[in-house]
Amino acid sequence: MSLSALRTGKGKKGVFSSLCKLALLIRNAATTSSVAMADPNGFASGGSEKADGYVHSRESFLEVYPVLRDLVLNDEIYKGTAPFATEWLQEMQDYTVPGGKLNRGMAVFDVLRAVKSEEEITKDDVLKSNVAGWCIEYLQAFFLVADDIMDNSITRRGQPCWFRKENVGMIAFNDSIILEASIYRILKKFFQKDPCYGLIMELFHETTAQTAHGQMLDLITSPPDKVDLTRYTVENYFNIITFKTAYYSFYLPIACGLLIAGISDPACFDMAKQILIPMGQYFQVQDDYLDCHADPEVLGKIGTDIQDNKCSWLICQALKIGTEDQKKKIMASYGQDNQEAIETVKSVYRELKLDELFHKYEAESYEKLLKEIENQTLLPKAVFTSLLKKIYKRKK
C-alpha cells in the first residue's frame, strides 16, 4: 500500500485492517450481528483463534496504520473539535508517522514469531504486536519531529521536515507532543485488559525518558552555537548514542514482543539488553558514517553532521587518532556551514582512512554480536538475528 493511498483512504482494505477495526468494535461492546456483518471473512472472530493466513509484510503492517490514525482522530477526548483541526491532525500524522523503514515497528511481530510456534500465534497476538509496533513508530515520529526542530534540519525521509512545511513552523513542536500522547491513547484502547498493559506502559515511559536524556547529552555536548571539541571523546559519544538511539530503536521493540509473547523472566530481558544495546550502538555508528558518505537520494536526507557540530563517531575517531596538524584543521572548520569548511573536514577523514576503520568496526561488531546470540540460551536466536540482518551493511 502506498503512502498516497493511506493519505487518501483509497488503499486496499486487507484482512488485518478488518481485524483492527473489529477489535475496536468488540472493545466498545459492539453486537454480535454487527461484528459478523463487518467481518465477512471471519478473521476477527475470537481473539484466541489461530492466526491462519496472516503474512507479516510491510504492506500488511501498513494496513494497520489508517485504523490507528482514525482512532486518534475520533478519540472521545477530542470531541467537538472543528473539522479544520481534524484535517490538520490527519495530515500531520500521515506526513510524520508512516514514511520510514518501519523496521522498529515490524520487529515486534518478528519477536513474537520467534518465541511462539506458528500454531500458537493467535489473532489477538497478531493484532497486539502490530498495534504495539505502530506505537513505536509514533514514538519515532515524536522524536524526529522534535529533533528536526532542534537541529534545524532540512529534509527527513526524502521530503522537507514537517516544521519546514508552509504554515507549520513551530506548531510542529506541539504536534510532536500530540504524537507522543497518541501512543498512550492507542495502548489503552488495545491493551487495557491485558496482563502486560502496565509493563508495556512503563516500558514506553522509561524508554522515552532514556531517549530524552540522550538527546540532552547530545545537545549539551555539541551545542549549535558553540564549538567545543574537548567533549568529543569516544566514551562520551557511546554514552550519548546508548541513551539516544539504542534503547528505543532496539531494546524497546524486542521487549514489547517478549511481553506480548508472555515472557516474564527478568533474566531474559537483562540478557536481551546485553545484546541489543551494542547492536543499537553499531546502528548509530552506521548512521554517522552514512551521514557523511551516503547519497542523499538513497539516504532520504541531506547529511549535516559536520556543519551541525554533531558529536559523531567520525569526528571522535579523527580527534583520537589524528595528528596535531589534522586536529587543528578540524578545529578550524568543524561546525561551520560552508562548503569549504565541510570539505576540509572530509579531507582529513579521508587522510585518516576512516572509511576503512568503519568497515573494520562493522565486521568486528557483527561477528561479536553473532557470537553472543549463539552463546545465549534463554531466547530463540531468531529474536535477535532477524533484526541484525536488517541493519548489517545497510545503505540507508
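Residues numbered from 1 in each chain as written. Predicted model: local features only at pLDDT ≥ 70, side-chain atom pairs only at ≥ 80, totals over all residues. Heavy atoms only, no water.

Colleague: When you look at the overall build of the chain in this model, what are you seeing that I'm missing?
Modeller: On a plain count of helices and strands, the chain comes out with 17 helices and two strands. Sorting the 396 residues of the chain into buried and exposed places 53% on the buried side. Summed over all atoms, the accessible surface of the chain reaches about 18400 Å², with 54% contributed by carbon and sulfur. (Helix = DSSP H or I, 4+ residues; strand = E, 2+ residues; numbered from the N terminus. Buried < 20%, exposed > 50% of the residue type's maximum accessible area, 1.4 Å probe, protein only. Areas by Shrake-Rupley, 256 points an atom, 1.4 Å probe, with all protein chains shown as cover.)

Colleague: I would appreciate a short explanation of the pattern of salt bridges in the present structure.
Modeller: Pairing between side chains of opposite charge can happen when the charged atoms of each approach one another. Counted by the stated rule, this structure contains 20 salt bridges. With a shortest N-O distance of 3.1 Å, Asp70 and Arg69 are connected by a salt bridge. Asp70 sits in the partly exposed class, given a relative accessible area of 30%. Residue Arg69 is classed as buried on the basis of its relative accessible area, which comes to 4%. Across the pair Lys390 and Asp110 runs a salt bridge, and its minimum N-O distance is 2.9 Å. (Salt bridge = Lys/Arg side-chain N within 4 Å of Asp/Glu carboxyl O.)

Colleague: Whenever I open this one, the side chain of Asp110 confuses me. Can you help?
Modeller: Structurally, Asp110 is set in helix α6 (residues 103-115). You can call Asp110 buried: its relative accessible area is 10%. Residue contacts for Asp110: discarding those within four places in its chain leaves His56, Ser386 and Lys390. (Contact = heavy atoms within 4.5 Å.)

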